[in-house]
Amino acid sequence: MSPTVYLISGANRGIGLAITAALAARPDTVVFAGARNPSTATELQALSRSMPSNVHIVKLASADEEDHKAAVDQIKKDVGRLDVVIANAGQVFALPSASPPLTTEKNPGINDAYASIFDTTPDEVREHFNVNVVGPQVLFRATYPLLKASTAAPKFVVISSLSGSVALGPGMHVLNGAYAVSKAAVNYLARMLHFENEGLVCFPMHPGLVETDMMKAFVAKDDTLKDFPLISTVDSAAGIIKVVAESTREKDGGEFVSYDGSRLEW
Ligand code: NDP
């Protein structure tokens, strides 16, 4: 049986590393693991050394078209196709430290883990869009020709966030405005990709609230989050892998899906 070939961006730490490690442990899988700085991706390097035929590191800085071209050229030469691409790399920049206390209609609590649109600079919005929206777009444009060479139904899955839900996000207790609007935009992008590309399985996914560096940055800002139950990267990755493996265009295409397989409001 020919292996399933994956490309995961942001694979050097957090959820991306956990997805890569779990996939690499399977005998029937080849993973191309994207990292913007392969030379400092020590855990990923160790994983690749321990499973050299399953894990191949490629340099991928989000939205960098040169990097993506070089990575795709290598994958084309090595295996000639991609079956599943997971656009996982994402960034939330530091919350403004001097935000005024903020209350919202839904959450009267005052907290420091909320960055309002007023307190967010236009440059912060631009930077979030570059990594979280332009990043997945560049990844899709680079990889689609190789996805079309898949012998199974090709899949392009975007790791988004519940923060990007227009229905549920605004008014949340903890929210970074620039991050949230960028995730709402990438949800739209993933849904457009579903409608524009016949045969492609494409949808945005919320990975759960996961114990990673990104989530720790919020917890450090807000005492009320200290006892909040975060899931492990292993559990998030296991959920994502299962949902992606069982996904079909008819069932999941163009939907907003959680790591546990449930549907989320847009
Ligand atoms: P981490 O901060 O742990 O990891 C982020 C990953 O994205 C790293 O590999 C990082 O690489 C990479 N990355 C960031 N910026 C760039 C860039 N410019 N170019 C290339 N790679 C980049 O975050 P998580 O693992 O928690 O997040 C993974 C995804 O899950 C993100 O899309 C995030 O928005 C989403 N998410 C996470 C949630 C959570 O609870 N943790 C909740 C909802 C969504 P580097 O090491 O080089 O910075």
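The shown structure was predicted, so the numbers you read here are calculated from the model rather than taken from an experiment.

Draft legend 1. The arrangement of helix α1 (residues 14-24) in detail. The buried fraction of α1 is high, at 10 of 11 residues. For α1, every residue scored as buried is listed here: Gly14, Ile15, Gly16, Leu17, Ala18, Ile19, Thr20, Ala21, Leu23 and Ala24.

Draft legend 2. Quick peek at the site of the ligand. Surrounding the ligand, one finds 25 residues, the nearest of these being Gly10, Gly14, Ser62, Gly90 and Thr212. Looking at the shell around the ligand, the elements that each hand over two or more residues are α1 and α6 (213-221). By residue class, the composition of the shell around the ligand is 10 nonpolar, 12 polar and 3 charged.

Draft legend 3. Looking closely at unusual backbone geometry. Positive phi, normally seen in glycine, also occurs at Ala63, with a value near 70 degrees. As for its position among the elements, Ala63 is in the loop between β3 (55-59) and α3 (65-78).

Draft legend 4. Examining the environment of Val234 more closely. With respect to the secondary-structure elements, Val234 resides in helix α7 (residues 233-246). Among the residues examined, Val234 registers 15 C-beta atoms within 10 Å and is labelled partly exposed. With 101 residues separating them along the chain, Val234 and Val133 place their C-alpha atoms 25 Å apart.

Draft legend 5. Representation of the nonpolar core in the model. Grouped together as the largest cluster of nonpolar side chains are 72 residues, with contacts concentrated most on Tyr6, Ile19, Val31, Ala33, Val85 and Ile86. Sorting elements by how many residues they give to this core places helix α5 (residues 177-196) first, with 9 residues. Leave out the neighbours within four places in its chain, and Ile86 touches Tyr6, Ile8, Ile19, Val157 and Ile159.

Draft legend 6. Main features of the environment of Gly34. Here Gly34 shows up in strand β2 (residues 29-35). Residue classification places Gly34 among the buried residues on the basis of 31 C-beta atoms within 10 Å. For the pair formed by Gly34 and Thr20, sequence separation is 14 residues and the distance between their alpha carbons is 9.8 Å. Look past the residues within four positions of Gly34 in its chain and what remains in contact with it is Leu7, Ile8, Ser9, Gly10, Ala11, Val58, Leu60, Ala71 and Ala89.

Draft legend 7. Local environment of the sheet that holds strand β6 (residues 155-159). The strand order β3-β2-β1-β4-β6-β8-β9 describes an open sheet built from 7 strands, whose pairing is parallel. Every interior strand has two partners, whereas the edge strands, β3 and β9 (257-258), have only one. In this sheet, strand β4 (residues 84-87) lies alongside strand β1 (residues 4-8) in parallel orientation, the contact comprising 3 bridges. Its bridge partner being in β4, Leu7 is matched across the sheet by Val85. Across the sheet, helix α2 (residues 42-50) touches β2 and β3, and the angle it forms with β3 is around 140 degrees. Packed on one face of the sheet, helix α4 (residues 122-147) meets β1, β4 and β6 and runs near 175 degrees to β4.

Draft legend 8. Quick look at the confidence of the model for the chain. Averaged over every residue, the pLDDT of the chain is 90; the share at 70 or more is 91%. Low pLDDT (under 50) marks residues 97-102, which in the prediction has 9 contacts with non-local residues, meaning those over four places away or in another chain. In this model, residues 106-110 is a region of pLDDT below 50 whose contacts with residues beyond four sequence positions or in other chains number 10 contacts. ipTM for the predicted complex: 0.99, alongside a pTM of 0.94.

Criteria and thresholds
Residues numbered from 1 in each chain as written. Predicted model: local features only at pLDDT ≥ 70, side-chain atom pairs only at ≥ 80, totals over all residues. Buried ≥ 20, exposed ≤ 12 C-beta atoms within 10 Å, placed from the backbone. Helix = DSSP H or I, 4+ residues; strand = E, 2+ residues; numbered from the N terminus. Near = placed C-beta within 6 Å. Nonpolar A, V, L, I, M, F, W, Y, C, P; charged D, E, K, R; others polar. Core = buried A, V, L, I, M, F, W, Y, C linked by C-beta atoms within 7 Å. Contact = placed C-beta atoms within 7 Å. Pairing = 2+ DSSP bridges. Axes fitted to C-alpha atoms, helices over the stretch in contact; angles between N-to-C directions. pLDDT = per-residue confidence, 0-100.

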